[in-house]
Amino acid sequence: MRRPDAETKYATHMAAVAGDDVEVAFFTWPRAILGRYDLFHLHWPEALVGHGRGVRLLASTLLSRLLRLRLRLARVPVVYTLHNREPHEAMSPRQLRDRRAFERLAAIEIHLVPEPDRVTAAEAVAIPHGSYVEPHGAHPRSERVPGRALFFGLIRPYKGIEELLDAFAAVDEDGATLRLVGKPMDPALADAIAQQDDARISHRFGFIPDRELVAEVTAAQLVVLPYRRLHSSGAALVALSLGRPVLIPDSVTGRALRDEVGSDWVQLFEGPLTAAALAGALAATRTPPADAPDLSARTWRAVREAHARVYRRALDRRSGRGAVFAWLTGQDDNLGDSALRRGYADALRARGDLVAYVADASYAYVSGLGLGRADRVSTNLGAWLGEALAAARRGPATLAINAGEFTFSGRYTLQMLRILPALWRFRRRGGAVVWLGAAVPGPRRGRTWLFHRLFRCADLVRWRDARTSEVFAPAPAMPDWALALEPSGPSAARGALGVSLRFDRPYPSQAWLSAVRELAARLDLEVVAVAQVARDTEYALRLAADLGGRAVEFGEVTHAEQEAVLRGEYAAMRLILSDRLHALLIALSEGAVPLGLAEAATDKLARHFDALGMPWATASASERITRLAALDDASLSQLADDAARRLGDARGELDAVRTLLAGDQWLPEAARAKTRA
């Protein structure tokens, strides 16, 4: 960006970013290519591509490419402020390619307005355009002229000036006038304005100094910005900062600004501006709003602090600081697998942005991990490990071994053989390794040694149950990460009995089905059979038919969508019967009483619920039907009270693990040294 002059421009905001920890140097070609700087802030990439003809075009194109080469080779972080999604003026195919090449250098993309998606693959950060309350506050203001509509700013074709002139010509309002102020960028458009044969229309061409701009804006009743497309608008903020309502296009940007400052201050129009829309806005703003628009989120102090945070983040990322390499694979159709790893990912994010290894997982599974815009997904184990090693060489980095149950399968064994050598190198380079919330069913001859070596590579370990510590390697226990997830909200009534059974185990006996039907009738509850794993759907349908209830299938939806549906169902349940651990745990987090009293339940459930202090949640195979028959309203209420207490305790333990993880007292000395550096 060019150095600002004495007048207030967006560059002035960037000059204000300077402080004790940030020094701002404005753009010149010699400085950009040969100078020393830590970070490059890109604002208008179209200004950096080749322009002109002949020798001038050749020289500017060469400079443009030298700059990109310097930024790449020197690994200079690039922060890109997105002022507009597309260039305002026509560009050649080569210029568009070069513009896109600059955009692709971005490490972080700053959005001035709400955006549905990103322009680049970089992290997106919202920093609103600053207001002009402070820089324009010292200039004298004019008396408001009733009926005056004002357009100001650079006069360009895309801004809809022709439509404004046509619309105003058809406005039949006493005292209505139109004034156009700004520097024409198109001679034909300037001629069209100057030749208007309407005494109500006046204009002033040329650059307008701040003092005179304030006088022009405050003389208006309404500022009209009839843009054909609106991304961000400094003119709208100037008007609002000076206490003048605006009429702008109806768009995501326009609606967001209206919601921020109120409909008294922001009038919207759809499609090309019409006389009716213009007349309506003049009528609506005839009486000034009582209170000034709230622009407190756009102070220059807020702009400075937000940019400084982004700059530090971009620099940290270059050095490897804040990189967390999280192994988050799981069964692609198993909602519990993605849910527990989302709790793990949320805790890991306290150490920085995630690079999540998900193998060949589908989008449906990845949606359940809750990854943010700053996080990235890797599907290649070798590439993920290579990036982790490179990050550890540059600066502090963390690698998180997968949570959940390890089964000693051939697949996990092969992964161990690939991961172990990389983990040794990662730690030698100062990386920190955590393994939190894992469990193993028991030792397996010929393979357990691999997991012992994995354990010895980790700096911070917590198992999901005490049994793992006994049969594998000593370490403290912690609750399952699924219990760290926030519930969907309080339920108005709990009128359901949930059932969720695994598809790969024997279907329950008639005696068990009868006990469940009788329990539902005794407690006056509706039976709801849910599929928490896609392959459980057939069982859910069959159970619903046999138990006289309804089924909740796992259809063609993502994990995030199915989890939202199931949480709503769990929040309406008094209890749930299941042989799936995470059906019970997620239902517990929503306030249902979890009972692992399914006929095909294994001791895996007892291990986990014993660790939670809830031994009553399971029973031996011979006692399960008897326990169901003994349940009544009073005993179930007691269990619900105890479940709520145990859930609170578990969430407190998980908070303690998160706090520990966010600190550095457990780090090896090499990693601490990098953190201090």
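Rules and cut-offs
Residues numbered from 1 in each chain as written. Predicted model: local features only at pLDDT ≥ 70, side-chain atom pairs only at ≥ 80, totals over all residues. Heavy atoms only, no water. Helix = DSSP H or I, 4+ residues; strand = E, 2+ residues; numbered from the N terminus. Buried < 20%, exposed > 50% of the residue type's maximum accessible area, 1.4 Å probe, protein only. Expected span 1.5 Å × (residues − 1). Arc of directions from axis to C-beta. Contact = heavy atoms within 4.5 Å. Pairing = 2+ DSSP bridges. Axes fitted to C-alpha atoms, helices over the stretch in contact; angles between N-to-C directions. Patch = residues over 30% accessible without salt bridge, like charges linked within 9 Å, V, L, I, M, F, W, Y side chains within 5 Å. Areas by Shrake-Rupley, 256 points an atom, 1.4 Å probe, with all protein chains shown as cover. Salt bridge = Lys/Arg side-chain N within 4 Å of Asp/Glu carboxyl O. Parallel < 35°, antiparallel > 145°, perpendicular 65-115°, else oblique. Nonpolar A, V, L, I, M, F, W, Y, C, P; charged D, E, K, R; others polar. Polar contact = N/O pair within 3.5 Å; in protein donor to acceptor, adjacent residues only side chain to side chain.

Peer 1: Would you mind showing me how to read unusual backbone geometry here?
Peer 2: Working note: non-glycine residues mostly have negative phi, and peptide bonds are mostly trans. For R75, which is not glycine, the phi torsion reads 55° and is therefore positive. Here R75 lies in the loop between α3 (54–73) and β2 (78–82). Classification of R75 by relative accessible area gives partly exposed; the value is 42%. With phi around 55°, A359 is a residue other than glycine that occupies positive phi space.

Peer 1: Would you mind going over helix α21 (residues 559–570) with me for this structure?
Peer 2: The periodicity of an α-helix, 3.6 residues per turn, causes residues three or four places apart in sequence to face the same way. Here α21 is 12 residues long and its end C-alpha atoms lie 16 Å apart, about the 16 Å a rise of 1.5 Å per residue gives. Residues of α21 that are buried include every one of H559, Q562, E563, L566, R567, E569 and Y570, and no others. The arc enclosing the buried residues of α21, seen along the axis, measures out at 155°, which places them on a common side. Where α21 is buried, its residues contact α13 (335–348), α14 (363–367), β19 (526–530), β20 (550–552), β21 (573–578) and α22 (581–589).

Peer 1: Looking at this structure, I do not really get the sheet that holds strand β18 (residues 496–500). What am I missing?
Peer 2: Across a sheet, strands are paired by hydrogen bonds formed along the backbone, either parallel or antiparallel in direction. The parallel open sheet is built from 5 strands, whose spatial order is β20-β19-β18-β21-β22. Here the strands that pair on one side only, and so sit at the sheet edges, are β20 and β22 (593–595). For this sheet, the mean angle separating the axes of adjacent strands, direction not counted, is 25°. Across the sheet, α22 lies against β18, β21 and β22, angled at about 170° from β21, the strand it touches most.

Peer 1: What exactly am I supposed to notice about a nonpolar patch on the surface here?
Peer 2: Taken together, the side chains of L62, L66, L69 and L73 present a nonpolar region at the surface, about 390 Å² in accessible area. Position of L69 among the secondary structure elements: in helix α3.

Peer 1: Could you clarify how one ought to interpret the packing of helix α15 (residues 381–394) against helix α16 (residues 410–428) in this entry?
Peer 2: For any two helices packed against each other, one specifies the crossing angle of their axes together with the interaxial distance. Contact geometry for α15 and α16: axes closest at 9 Å, N-to-C directions at 10°. Relative to α16, α15 is oriented roughly parallel. Seen from α15, the contacting residues are L381, G382, L385, A388, L389 and A392; seen from α16, they are R418, I419, A422, R425 and F426. Each residue belonging to the contact of α15 with α16 can be placed in one class, and the counts come to 8 nonpolar, 1 polar and 2 charged.

Peer 1: Would you mind going over the side chain of K159 with me for this structure?
Peer 2: Residue placement: K159 occurs in the loop between β5 (148–152) and α6 (161–169). Overall, K159 belongs to the buried group, its relative accessible area being 8%. Of the polar contacts made by the side chain of K159, one reaches the backbone oxygen of L154; its length is 2.9 Å. Once residues lying within four places of it in the same chain are set aside, the contact partners of K159 are F151, G153, L154, P226, Y227 and R228.

Coordinates in, geometry out; function isn't part of it.
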